[in-house]
Amino acid sequence: MVRQKSRYLLCEVVVSDRTSLLLLDERSIALTVRAAVGRAHGDFGAAMCSLRFTVKYLNAHTGIVFLRFPKRFYRLLWSALPFITSVETRGQTIPCFLNCLHVGGTIRTCQKFLIQYNQRQLHRMFLKCKNQEEEKEVRKAILSCHLFGSTMEEIREESDSEEDEEDGLCMTK
């Protein structure tokens, strides 16, 4: 049996009204992405979406989405993301776009990247704090960011080594 390799795209749903994120569900994101790939790449793109495309995770509070796509064709998905301008869910059209933050070979590497990304965002928030109480809350949030069983140095080394592997794999066909 041959293992089917996939790529995971870590995306952020960007909306103007954060309360509309709570209306999103995995099915509506999947239908929107499938339609965008079909529009951008025709029948071939639609067929690739029907094979192994899935929305693995959606956090409606933060707008984070994990999308899985076959490794050989993940660029089809990646190139179709800019054409998504809205998501239709529960009879409402939510104007938004998907910002791809990271492409990884496993969900775990995407999780590690997401932790680093959130830490950077918290550091930016720390600079904008107006009083010591806000600074204390942000500092507590920064210190609580970690993946169980891993130190930040291990996380950085593993993500760097995976990026090197991906670069080598992308160059060969």
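Residues numbered from 1 in each chain as written. Predicted model: local features only at pLDDT ≥ 70, side-chain atom pairs only at ≥ 80, totals over all residues. Heavy atoms only, no water.

## Observations regarding helix α1 (residues 26-52)
Here is step 1: An ideal rise of 1.5 Å per residue puts 39 Å on 27 residues; α1 reaches only 15 Å between its terminal C-alpha atoms.
Here is step 2: Residue G42 marks the point of greatest curvature in α1, where the axis turns by about 145 degrees.
Here is step 3: By the burial criterion, the buried members of α1 are S28, I29, A30, T32, V33, A36, V37, G45, M48 and C49.
Here is step 4: Looking at the buried residues of α1, the elements they touch are β1 (6-15), β2 (54-59), β3 (64-70), α2 (74-80), β4 (86-89) and β5 (92-104). (Helix = DSSP H or I, 4+ residues; strand = E, 2+ residues; numbered from the N terminus. Expected span 1.5 Å × (residues − 1). Bend = angle between axes of the 7 residues up to and from the residue. Buried < 20%, exposed > 50% of the residue type's maximum accessible area, 1.4 Å probe, protein only. Contact = heavy atoms within 4.5 Å.)

## Here we look at the sheet that holds β2
Strand pairing within a sheet occurs via backbone hydrogen bonds; the two strands may be parallel or antiparallel.
Here is step 1: Strand order in the open sheet formed by 5 strands is β2-β3-β1-β5-β4, and the pairing between neighbours is antiparallel. Each of the sheet's edge strands pairs with one partner strand only, and the pair in question is β2 and β4. Across the sheet, the mean angle separating the axes of adjacent strands is 35 degrees when strand polarity is ignored.
Here is step 2: Where β4 lies against β5, 4 bridges are found, and the strand directions are antiparallel. What sits directly across from V87, in β5, is I94.
Here is step 3: Packed onto the sheet, helix α3 (residues 107-127) meets β1, β2, β3 and β5 and runs at close to 105 degrees relative to β5. (Pairing = 2+ DSSP bridges. Axes fitted to C-alpha atoms, helices over the stretch in contact; angles between N-to-C directions.)

## What to know about the pairing of β5
Here is step 1: Pairing analysis gives 8 bridges linking β1 to β5, with the strands arranged antiparallel. Within β5, the position partnered with C11 by the bridge is C100.
Here is step 2: Counted along the chain from β4 to the antiparallel partner β5, the turn is 2 residues long, and its residue R90 has a positive phi close to 50 degrees.

## Topic: α3
Here is step 1: With 21 residues, α3 extends 31 Å from end C-alpha to end C-alpha; this agrees with the ideal 30 Å at 1.5 Å per step.
Here is step 2: Every buried residue of α3 is listed here: T109, C110, K112, F113, L114, I115, Q116, Y117, Q119 and L122.

## So, unusual backbone geometry
Here is step 1: Phi is positive for R90, which is not a glycine, with a value near 50 degrees.
Here is step 2: Structurally, the position occupied by R90 is in the loop between β4 and β5.
Here is step 3: Its relative accessible area of 59% is what places R90 among the exposed residues.

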